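Survey of secondary and tertiary structure
Next come the chains, spelled out residue by residue.
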Amino acid sequence: MLDNYEKEPLNEATVRKSDANDKAGRPLVELRHVDKHFGKLHVLKDINLSVNQGEVLVVVGPSGSGKSTMCRTINRLETIDSGEILINGQRLPQEGKGLAMLRAEVGMVFQQFNLFANKSIIENVMLAPVKVRHMDKKKAYDLAMDLLARVGVESQANKMPSQLSGGQQQRVAIARALAMQPKVMLFDEPTSALDPEMVNEVLEVMTRLAHEGMTMICVTHEMGFARRVANSVVFMADGKILEQGTPDEFFDHPKTDRAKDFLSKILTH
Amino acid sequence: MSEFLQLMGEYDVLGAFLVNIELTAWSALFSLLLGVLLLMMRISPVSSLRGLSRVYVEFFKNMPLTIIMVFMVLGAFAQLKLTFSDTFAKNFFWLAVTGLSLYTAAFVCESLRSGINTVPLGQAEASRALGLSFMQSASQIILPQAFRGSVAPLGNTFIALLKNSTVAAAASVATETSSLMSTMIEYHANSILLIFAIFAFGYVILIIPIGILTTMLSNKLAVRR
């Protein structure tokens, strides 16, 4: 299904650019000793993770392993019990305006798309730039149309979300997040709710974004995408990070039994 | 028939209905404003505001309207000197509107809250993730969808309000329908069934269109997902 991807390494220019931008030598996103419970359930156990600018990190693992929860803690859609999360070297604010501003820097794409049902496609994309960044409407419109064209749904601009297919909705959701010019994009199982024939169109947009140098954290079950696009793969199970490495290391030479077991189950069918 | 014409000629029945419609219209407006405020408090991130709204709604939901109306006259007006106008009728009219609004706001808040429950959590998460503030996400995303999802319960609340407006008699609004009905029965005891029928049909004629409108709007405005 994923054969039509060009297998190309993250291009040199992007890597150099990210090194130059990373002034303090600090990772863009950093999780230190993050712990979280849902009641008695210990969902995140001492999570340590860092993502550099321009890096594409793919998080894989069985359901219930805490990977979505981890992804959601990064813009504080889930709170954490202990540890700290740093974005661009800054601690994640607890509440209020600081948190809102930080969230604006972190784009998020959800499994269920979550396009605003009472707004048209173009309004969905324009809303945050106008309301949060106080961009003037004309500029926001041009930006939104440009982004919709980049994800290939500009002809649907005046429709309502419910009139679009799942794949189209998810591409609009990506455009909506990009409209805030985020420093990092979080993808929480972006293709899991899609019909199989629509998975590719979304993965293509994500691949293009990765090649343009966007810093991305993707929770996904698309192993083909992970292998082709990721710089680094993280394997989670039972709330812990069990392995982290390059895609080749992880997929060809998994170290833990848990990872071997997981890979044997998904790669043999 | 002549009996009917005689009654209608002798008493200003239409005028009385108009008083109830006015009571209802003003109370609908104020209870809607207060109800939205209560709802915003109820869903706000500030726990003391949530608590306050909850206490308000529970209090007024469980309080008989007659007690509120009598309190407006004997408590708010006579004791606490809450006065809207020097004109007797005007003063009691607005006291009644205040009582009805305070009472109905609790039900408006509950109706809207049922509408909030039709808005998936993901809508709020998406707006937060984009950096929208609580007020922005409430006014742009959550409330518009909640309104559209609560047209039917809101319609029912306002139908109840129109009927409840007859309790304004307890707040000394002497010109409204139930007061007029009592007066008419007092002087025309032999036409008692006809008098009941006049007022009963009057309300049916007023309320049926509201019901039809509600159903139409509810279908038309429903949020497609």
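Residues numbered from 1 in each chain as written. Chains lettered and ligands numbered in written order. Predicted model: local features only at pLDDT ≥ 70, side-chain atom pairs only at ≥ 80, totals over all residues. Heavy atoms only, no water.

1. A closer look at the sheet that holds strand β10 (residues 240–245) of chain A
Residue and element names in this part refer to chain A. Taken together, the six strands give an open sheet; going across it, the order is β6-β7-β8-β3-β9-β10, and neighbouring strands pair in mixed fashion. A strand with exactly one partner marks an edge of an open sheet, and here the two such strands are β6 (106–109) and β10. Between one strand axis and the next, the sheet turns by 15° as a mean value, whatever way the strands run. Of the strand pairs in this sheet, strand β7 (residues 184–188) and strand β8 (residues 215–219) are connected by five bridges, and their pairing is parallel. Pairing of V184 across the sheet is with T215, part of β8. Strand contacts of helix α3 (residues 96–105): β6 and β7, with the helix running at about 65° to β6, the strand carrying the most contacts. (Pairing = 2+ DSSP bridges. Helix = DSSP H or I, 4+ residues; strand = E, 2+ residues; numbered from the N terminus. Axes fitted to C-alpha atoms, helices over the stretch in contact; angles between N-to-C directions. Contact = heavy atoms within 4.5 Å.)

2. Some details on the packing of helix α2 (residues 13–43) of chain B against helix α9 (residues 177–187) of chain B
Residues and elements named next belong to chain B. Remark: α2 packs on α9, axes separated minimally by 8 Å, with the N-to-C direction vectors making an angle of 150°. As the angle between them shows, α2 and α9 are arranged roughly antiparallel. Contact residues: α2 offers V13, A16, F17 and N20, while α9 offers T177, L180 and M184. (Parallel < 35°, antiparallel > 145°, perpendicular 65-115°, else oblique.)

3. Here's the deal with the UniProt feature "domain: ABC transmembrane type-1" (unreviewed entry) in chain B
When the UniProt feature table is mapped onto this chain, "domain: ABC transmembrane type-1" (unreviewed entry) is found at residues 17–217 of chain B. Taken end to end, residues 17–217 of chain B comprises 80% helix and 0% strand; its first and last C-alpha atoms sit 25 Å apart. (UniProt positions renumbered as here; feature names shortened; annotations may be inferred.)

4. Here's the deal with the UniProt feature "domain: ABC transporter" (unreviewed entry) in chain A
On the UniProt side, "domain: ABC transporter" (unreviewed entry) is annotated at positions that read residues 29–263 of chain A here. Taken as a whole, residues 29–263 of chain A contains 39% helix and 26% strand, while its terminal C-alpha atoms sit 27 Å from one another.

5. Observations concerning the pairing of β7 of chain A
Residue and element names in this part refer to chain A. Of all five residues in β7, five are buried, a share of seventy percent or more. A two-sided burial pattern is seen for β7, the buried positions comprising V184, L186 and D188 on one face and M185 and F187 on the other. In the sheet, β6 pairs with β7 via four bridges, with the strands oriented parallel. Among the inter-strand pairings, G107 is bridged to a residue of β7, identified as M185. (Buried < 20%, exposed > 50% of the residue type's maximum accessible area, 1.4 Å probe, protein only.)

6. Comments concerning the interface of chain B and chain A
Often the size quoted for an interface is simply the accessible area lost on bringing the parts together. Chain B puts 19 residues into the contact, and the matching count from chain A is 23 residues. Summed over both partners, the interface of chain B with chain A comes to about 1900 Å²; 59% of that surface belongs to carbon and sulfur atoms. Considering only the side of chain B, the residues that lose the most area to chain A are A129, L130 and Q140 of chain B, jointly responsible for 32% of the buried surface there. The interface formed by chain B and chain A holds one salt bridge in total. Salt-bridge contacts for E125 of chain B lead to R72 of chain A; the nearest nitrogen and oxygen are separated by 2.5 Å. Between chain B and chain A we count eight residue pairs in polar contact (both at pLDDT 80 or more) in total. The set of elements that each furnish at least two residues to the side of chain B that touches chain A consists of α6 (121–129) and α7 (134–149) of chain B. (Buried area = accessible area lost by both parts, 1.4 Å probe. Salt bridge = Lys/Arg side-chain N within 4 Å of Asp/Glu carboxyl O. Polar contact = N/O pair within 3.5 Å; in protein donor to acceptor, adjacent residues only side chain to side chain.)

7. What to know about helix α10 (residues 192–221) of chain B
Over its 30 residues, α10 of chain B runs 44 Å from end to end, which matches the ideal 44 Å to within 8%, given 1.5 Å per residue. Looking at the buried positions of α10 of chain B, the neighbouring elements they touch are α1 (2–10), α2, α8 (151–164) and α9 of chain B. (Expected span 1.5 Å × (residues − 1).)

8. Overview of empty space enclosed by the protein
Scanning all chains against the criterion turns up two cavities of 30 Å³ or more. Empty space within the largest cavity amounts to approximately 70 Å³. Along its surface, the largest cavity is lined by R103, A104, V106, G107, M108, F110, R176, A177 and M180 of chain A together with A126, A129 and L130 of chain B. Partitioned by chemical class, the residues of the lining of the largest cavity number nine nonpolar, one polar and two charged. (1 Å grid on protein atoms, 1.4 Å probe; cavity = no way out; pocket = protein on both sides within 12 Å on 5 of 7 lines; lining within 4 Å. Points joined across faces, edges and corners; volume = space filled by probe spheres on them. Nonpolar A, V, L, I, M, F, W, Y, C, P; charged D, E, K, R; others polar.)

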